[in-house]
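Chain residues, written in single-letter form:
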Amino acid sequence: MQTPAFYAQVRRLSVYDPLAEFLGAAENGRIEYAYLDAVKLAGHSCPTVASAYWMTLKALTELYPDSLPERGGIRVAFRQDQLSGVTGVMANVVTLLTGATHDTGFKGLGGRFDRRHLLYFSADVREEIRFTRVDTGQAVDIAARLQSVPFAPQTIELMQKCLDGSATPEQAAEFRECWQARVRAVLLEHGDDPEVFVLRPVGQ
């Protein structure tokens, strides 16, 4: 599988999954996710997939400054409903990384490891997503202001040509480069830009 080289430069997220440890799926329960994992899940790479991956990474880093985030121990609430805009796509990525599901996840073993009822929509939160530690109640709100990271000017025209079948092979290649260039900018150039990724600890 050949992918843009910058995928490998994106920071990875390591988590501790007690279910993975219990069942022997991962030594010490440690699981590492890369941006490519989110791309494989979604079947594509776009600013939405990138921002969902990065918002989750930033939120969990804030909530677990001295330890690995606990997969399955995080409650996630989206401000929008699951059918609004790109919320569903984002939720799929968040579920991959946190284990949180609404009602279709793992039911648990002996009263442990239940992954259901950890994902909510249409929640009263001030930013796009709220991440909450189940054990401590500590929470952060986070949003992505992607309008601050524009596409190259020719991107939309090239996309239209690709969609209607009039693009030359060179134009199609240029479109793909422009599209992934914005994804790269979101993750590598603006990942720590507080004007693009707005993170607010709840209660502060």
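Rules of the game
- Residues numbered from 1 in each chain as written.
- Predicted model: local features only at pLDDT ≥ 70, side-chain atom pairs only at ≥ 80, totals over all residues.
- Heavy atoms only, no water.
- Helix = DSSP H or I, 4+ residues; strand = E, 2+ residues; numbered from the N terminus.
- Expected span 1.5 Å × (residues − 1).
- Contact = heavy atoms within 4.5 Å.
- Core = buried A, V, L, I, M, F, W, Y, C linked by side-chain atoms within 4.5 Å.
- Buried < 20%, exposed > 50% of the residue type's maximum accessible area, 1.4 Å probe, protein only.
- Pairing = 2+ DSSP bridges.
- Salt bridge = Lys/Arg side-chain N within 4 Å of Asp/Glu carboxyl O.
- Axes fitted to C-alpha atoms, helices over the stretch in contact; angles between N-to-C directions.
- Parallel < 35°, antiparallel > 145°, perpendicular 65-115°, else oblique.
- Left-handed = near helix turned anticlockwise from the far one by under 90°.
- Nonpolar A, V, L, I, M, F, W, Y, C, P; charged D, E, K, R; others polar.

K.L.:
Please set out helix α6 (residues 169-189) residue by residue, giving values where relevant.
P.N.:
For α6, which comprises 21 residues, the first-to-last C-alpha distance of 29 Å matches the rise-based estimate of 30 Å (1.5 Å per residue) to within 8%. Against α2 (35-42), α3 (47-63), α5 (155-164) and β7 (197-201) lie the buried residues of α6.

K.L.:
Can you lay out the nonpolar core for me, pointing to particular residues and giving the numbers?
P.N.:
Counting 53 residues, the largest nonpolar core has Y35, Y53, V76, F78, I129, F131 and L187 as the members making the most contacts within it. At 10 residues, the largest contribution of residues to this core is made by α3. If sequence neighbours within four positions are ignored, F78 has contacts with T87, M90, A91, V94, L119, Y120, F121, S122, A123, V125, E128 and I129.

K.L.:
Give a description of α3 that names residues and reports values.
P.N.:
Between its first and last C-alpha, α3 extends 24 Å over 17 residues, near the 24 Å set by a 1.5 Å rise per residue. When you tally the buried positions in α3, you get 15 out of 17 residues, the bulk of the element.

K.L.:
Pulling in residues and values, what's your account of the pairing of strand β5 (residues 129-133)?
P.N.:
Along β5, four of the five residues are buried, which leaves the element largely enclosed by surrounding structure. Relative to β5, strand β3 (residues 74-78) runs antiparallel, the two being bridged by five bridges. From the neighbouring strand, V76 faces β5, where its bridge partner is F131. Relative to strand β6 (residues 139-144), β5 is paired through four bridges, and the arrangement is antiparallel. Of the residues in β6, the one forming a bridge with I129 is I142. Where β5 folds back on β6, the antiparallel hairpin that results is connected by five residues, among which G137 adopts a positive phi of roughly 80°.

K.L.:
Could you give me a rundown of the pattern of salt bridges, with the residues and numbers involved?
P.N.:
Under the defined criterion, the tally for this structure stands at 12 salt bridges. With a closest N to O distance of 3.2 Å, E127 and R145 form a salt bridge. Separated by 18 residues along the polypeptide, E127 in the loop between β4 (119-120) and β5 and R145 in the loop between β6 and α5 bring together distant segments of the chain. Residue R145 is classed as partly exposed on the basis of its relative accessible area, which comes to 27%. The structure contains a network of salt bridges with shared partners spanning R11, K58 and D192.

K.L.:
Before we move on, can you summarise the packing of α3 against helix α4 (residues 87-98) with the specific residues and values?
P.N.:
As a packed pair, α3 and α4 sit with axes 9 Å apart at the nearest point and diverge in direction by 40°. As summarised for this structure, α3 and α4 are arranged oblique, according to the angle between their axes. Both α3 and α4 take part in a crossing whose hand is right-handed. Facing T48, V49, S51, A52, Y53, M55, T56 and L60 of α3, the residues of α4 in contact are V89, M90, V93, V94, L97 and T98. Residues of the contact of α3 with α4, tallied by class, amount to 10 nonpolar, four polar and no charged.

K.L.:
Report on the sheet that holds β3, specifying residues and quantitative values.
P.N.:
Ordered by their spatial adjacency, five strands build an open sheet running β4-β3-β5-β6-β7, and the pairing between neighbours is mixed. Both outer strands of the open sheet, β4 and β7, are each paired with one neighbouring strand and no more. As judged from the two bridges shared by β3 and β4, these two strands associate in the parallel manner. Paired with A77 across the two strands is Y120, which belongs to β4. The strands touched by α3 within the sheet are β3, β5, β6 and β7, with β6 carrying the most contacts at an inclination of about 155°. Sheet strands in contact with α4 are β3, β4 and β5, and its direction is about 175° off that of β3.

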